[in-house]
Amino acid sequence: MRYSQAAVAGSLLVVLIGCQGPPTSTPPYTPASAMRAHFSNPGPESDPCEGSGRVKVRPCPVTLTKKHPTIEVVVGGPDVVDSAEKTNSKNRSGCGHVCQVGQSFSSPLDYDVSAGSKCASVEISFYGYDGSGQTVGIARLKVINKDCQ
């Protein structure tokens, strides 16, 4: 495209935009505080202890130490009566060598998280189910292992 063609195209664009006339209504006013709250709210991806459907694991995060090599956690949320550890295609939880997770025999919502052989941090997830077996949401748990075996 030559300079003269670009100038003509630009002029036509300016004329077409100018022909629209003034806007018929002004956009609604949004207070600055609401905009700050919207942009400063980090969302669930940034918090390793938040999940979907208001399903949570407590306590979270958990830190495994020589003094506390195993910690019991509880999955809960609105209408959550059952749970399961979320696993990958190889039926692994995501703990790797950092931790081990076992479901309690006394409650379908209780789990024991134990230290593994590697000192590191991982995030693992749990499904929360309602009374009819439908998924309410997925809870995330951050595990910090400081007790390397």
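Bear in mind the structure is a predicted one, so any value in this text is a computation, not a measurement.

Summed over the entire model, instances satisfying the criterion amount to 3 disulfides. Across a sulfur-sulfur distance of 2.1 Å, Cys49 and Cys60 are joined as a disulfide pair. Residues Cys49 and Cys60 are joined by a disulfide whose S-S torsion is about -80°; by sign, that bridge is left-handed. Separated by 11 residues along the polypeptide, Cys49 in the loop between helix H2 (32-40) and strand S1 (56-58) and Cys60 in the loop between S1 and strand S2 (62-64) bring together distant segments of the chain. Judged on exposure class, the residue Cys49 and its partner Cys60 are both buried. One disulfide in the model links Cys119 with Cys148; its S-S distance is 1.6 Å. Placement of the pair is Cys119 in the loop between strand S6 (110-115) and strand S7 (120-129) and Cys148 in the segment after strand S8 (135-145), with a sequence separation of 29 residues. In the protein chain, the bonded cysteines, taken in the order they occur along the sequence, pair up as 1-2, 3-4, 5-6.

Quick look at the confidence of the model for the protein chain now. Per-residue confidence for the protein chain gives a mean pLDDT of 78; residues scoring 70 or more make up 67%. When the elements of the protein chain are averaged for pLDDT, H2 gives the smallest value, 40, and S2 the largest, 97. Segment residues 12-16: pLDDT under 50, and 0 contacts once partners within four positions in sequence are set aside and those in other chains are kept. In this model residues 24-44 is a low-confidence stretch, pLDDT under 50, and it forms 3 contacts with partners more than four residues away in sequence or in other chains.

Criteria and cut-off values
Residues numbered from 1 in each chain as written. Predicted model: local features only at pLDDT ≥ 70, side-chain atom pairs only at ≥ 80, totals over all residues. Heavy atoms only, no water. Disulfide = S-S within 2.5 Å. Helix = DSSP H or I, 4+ residues; strand = E, 2+ residues; numbered from the N terminus. Buried < 20%, exposed > 50% of the residue type's maximum accessible area, 1.4 Å probe, protein only. pLDDT = per-residue confidence, 0-100. Contact = heavy atoms within 4.5 Å.

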